[in-house]
Amino acid sequence: MTTFPTYPTYRPRRLRRTPNMRTLVRENTVTPQNLIYPIFIRHGKDDVREISSMPGQFQFTIDRLAKEIKEIHKLGILAVMPFGIPEHKDAQGSDNLHDDGIIPRAIRLIKDTCPDLMVISDMCLCDYSDHGHCTIIDPSNNHMLNEPTLQYLRDASVVHARAGADMIAPSGMIDGMVHAIREGLNGAGFVYTPIMSYAAKYASAFYGPFRNAAECAPQFGDRTTYQMDPGNAREALKEVAIDIAEGADIVMVKPALPYLDVVAAVRNKFDVPVAAYHVSGEYAMLHAAAQNGWLDLQRCALESLTSIKRAGADMILTYFAKDAAKWLEN
Ligand code: PBG
Ligand code: ZN
């Protein structure tokens, strides 16, 4: 235990008097190198659309993507996570099962444009299935089918890895997903492709704006039977332990700010790198308040990201990645 000198000799403010002094003693700093930027890829040609619920975020068609990728790379961001809006969705999410699906094509474009920009591939069914759920569904009773979903994740992960994905990030909270994907990748020779598991993903209303960005709202029911209940923290440790046992290289907590206690608990209990996803709703609410003149966007965004790191996240998925890189440049 440290003992602190008592008044009148002690002056904590000594270390806060100048910007350089504060920088010197700062415990946690946000850098673009630890930020992962989610991007939205839309079917079609020559089209860039702003996402109305997420000011400053856009859907890009593949032919318009290269310029954006170069800009992201130039800002010093090391990784992107693409989400696809395919032309055709079906019950099997089959767009991800062949090499000319929207995401495999986007991955190749990104890797051709900037080979050292890492692609972390979100691996789920919901963006690509017509029913909008993260699992294969039995059409006779709308039940979620675990084993066929694992087969899907296994196959689609190999398709993404073959396209050049540097990491696979299963996001569906499907029991056994990490093990299934590890088997699939190993079987296809991708032994060194890491898995970042959305290990503790909550059934959160903060995903609202994303549904509109990725055009993937569930067509019936909700995700409460596979995503976690917001009241639970101990259960997150169980989910993380299982995923690590199955072979997860990095574990994620999502959302970030409302779940900082979970980020800290995971950090304290496990020794693998921890990621936190600062989600669409966290982004949108800062923008909404800033548009009203109620909050300073830059300061609140950087404070949020700093706090997520302070809670224990090694890396943050955030729609503020580009902005933060620009703000931190000067
Ligand atoms: C799909 C997925 C979602 C997000 C990332 N991957 C939506 C969901 O689970 O409903 C949310 C991202 C965000 O809100 O920023 N599995
Ligand atoms: Zn999903």
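Before going into details, it helps to say that this report is about the structure given with it. (Residues numbered from 1 in each chain as written. Chains lettered and ligands numbered in written order. Predicted model: local features only at pLDDT ≥ 70, side-chain atom pairs only at ≥ 80, totals over all residues. Heavy atoms only, no water.)

Examining unusual backbone geometry
Of the consecutive residues K254 and P255, the connecting peptide bond is found in the cis state with omega at -10°. Looking at the secondary structure, you find P255 in the loop between β10 (250–254) and α8 (260–269). The phi angle at D46 is positive, at roughly 50°, despite the residue not being glycine. Relative to the elements of secondary structure, D46 occurs in the loop between β1 (35–42) and β2 (48–50). Of note, the phi angle at N142 is positive, near 60°, even though the residue is not glycine. Looking at the element boundaries, N142 is found in the loop between β6 (136–138) and β7 (143–145). (Helix = DSSP H or I, 4+ residues; strand = E, 2+ residues; numbered from the N terminus.)

So, the packing of aromatic side chains
Here the structure, examined in full by the defined rule, presents 11 aromatic pairs. Note on F40 and F210: the rings are 5.7 Å apart at their centroids and 55° apart in plane angle, and the pair reads as tilted. Of this pair, F40 sits in strand β1 while F210 is found in helix α6 (residues 208–214), placing the two residues 170 residues apart along the sequence. The exposure class of F40 is buried, given its relative accessible area of 1%. Here Y283 and F320 contribute two aromatic rings whose centre-to-centre distance is 4.6 Å and whose plane-to-plane angle is 50°, an arrangement assigned as tilted. Separated by 37 residues along the polypeptide, Y283 in helix α9 (residues 280–291) and F320 in the loop between β12 (315–318) and α11 (321–329) bring together distant segments of the chain. Exposure remark for Y283: the relative accessible area of 1% places this residue in the buried category. An aromatic cluster is present here, built from F40, F83, Y198, F210, Y277, Y283, Y319, F320 and W327 joined pairwise through their rings. Above the plane of the ring of Y207 lies K254, whose end atom (NZ or CZ) is 4.6 Å from the centre. A cation over a ring is seen here: K254 above Y277, with NZ or CZ 4.4 Å from the ring centre. (Phe/Tyr/Trp six-rings, centres within 6.5 Å; stacked < 30°, edge-to-face > 60°. Buried < 20%, exposed > 50% of the residue type's maximum accessible area, 1.4 Å probe, protein only. Lys NZ or Arg CZ within 6 Å of the ring centre and 35° of its normal.)

Side note on the environment of R26
Looking at the secondary structure, you find R26 in the loop between α1 (19–25) and β1. Judged by its relative accessible area of 43%, R26 is partly exposed.

Re the site of ligand 1
Neighbouring ligand 1 are 16 residues, the closest being K201, R211, K254, S280 and Y319. Interatomic distance of 2.7 Å between a side-chain N/O atom of S280 and an oxygen atom of ligand 1. With the chains in place, 100% of the 400 Å² that ligand 1 exposes on its own is no longer accessible. Partitioned by chemical class, the residues of the shell around ligand 1 number eight nonpolar, three polar and five charged. (Near = heavy atom within 4 Å. Polar contact = N/O pair within 3.5 Å; in protein donor to acceptor, adjacent residues only side chain to side chain. Areas by Shrake-Rupley, 256 points an atom, 1.4 Å probe, with all protein chains shown as cover. Nonpolar A, V, L, I, M, F, W, Y, C, P; charged D, E, K, R; others polar.)

Details of the coordination of the zinc ion (ligand 2)
Protein coordination of the zinc ion (ligand 2) is provided by C124 (SG), C126 (SG) and C134 (SG), with donor distances spanning 2.2 to 2.3 Å. Taken together, the four donor atoms coordinating the zinc ion (ligand 2) and their angles of 90 to 122° define a geometry best described as tetrahedral. (Donors = N, O, S within 2.8 Å, 3.2 Å for Na, K, Ca; no water. Tetrahedral: all angles 85-135°; square planar, octahedral: opposite > 155°, others 65-115°.)

Some details on the nonpolar core
In this structure, F40, M81, M196, V266 and Y277 are the most contacted members of the largest nonpolar core, which totals 103 residues. It is helix α10 (residues 297–311) that contributes the most residues to this core, seven residues altogether. Beyond its immediate sequence surroundings of up to four residues, F40 is in contact with I51, M54, F58, Q59, F60, F83, I85, F210, A213, A214 and Y319. (Core = buried A, V, L, I, M, F, W, Y, C linked by side-chain atoms within 4.5 Å. Contact = heavy atoms within 4.5 Å.)

Some points on the side chain of S157
Positionally, S157 belongs in helix α4 (residues 146–163). Not counting the four nearest positions on each side in its chain, S157 is found in contact with M123, I168, I181 and L185.

Examining the pattern of salt bridges
Under the counting rule described, the total for this entry stands at nine salt bridges. Here E215 and R42 are joined by a salt bridge, their closest N and O atoms 2.9 Å apart. Note that E215 is positioned in the loop between α6 and α7 (234–246) and R42 in strand β1, a separation of 173 residues in sequence. A relative accessible area of 36% means that E215 is categorised as partly exposed. Among the residues examined, R42 registers a relative accessible area of 8% and is labelled buried. Between E71 and K322 there is a salt bridge whose closest N-O contact spans 3.2 Å. With E71 in helix α2 (residues 65–74) and K322 in helix α11, this pair connects stretches of sequence that are 251 residues apart. Judged by relative accessible area, which is 31%, E71 ranks as partly exposed. (Salt bridge = Lys/Arg side-chain N within 4 Å of Asp/Glu carboxyl O.)

Read these as layout, nothing more, since geometry by itself doesn't imply function.
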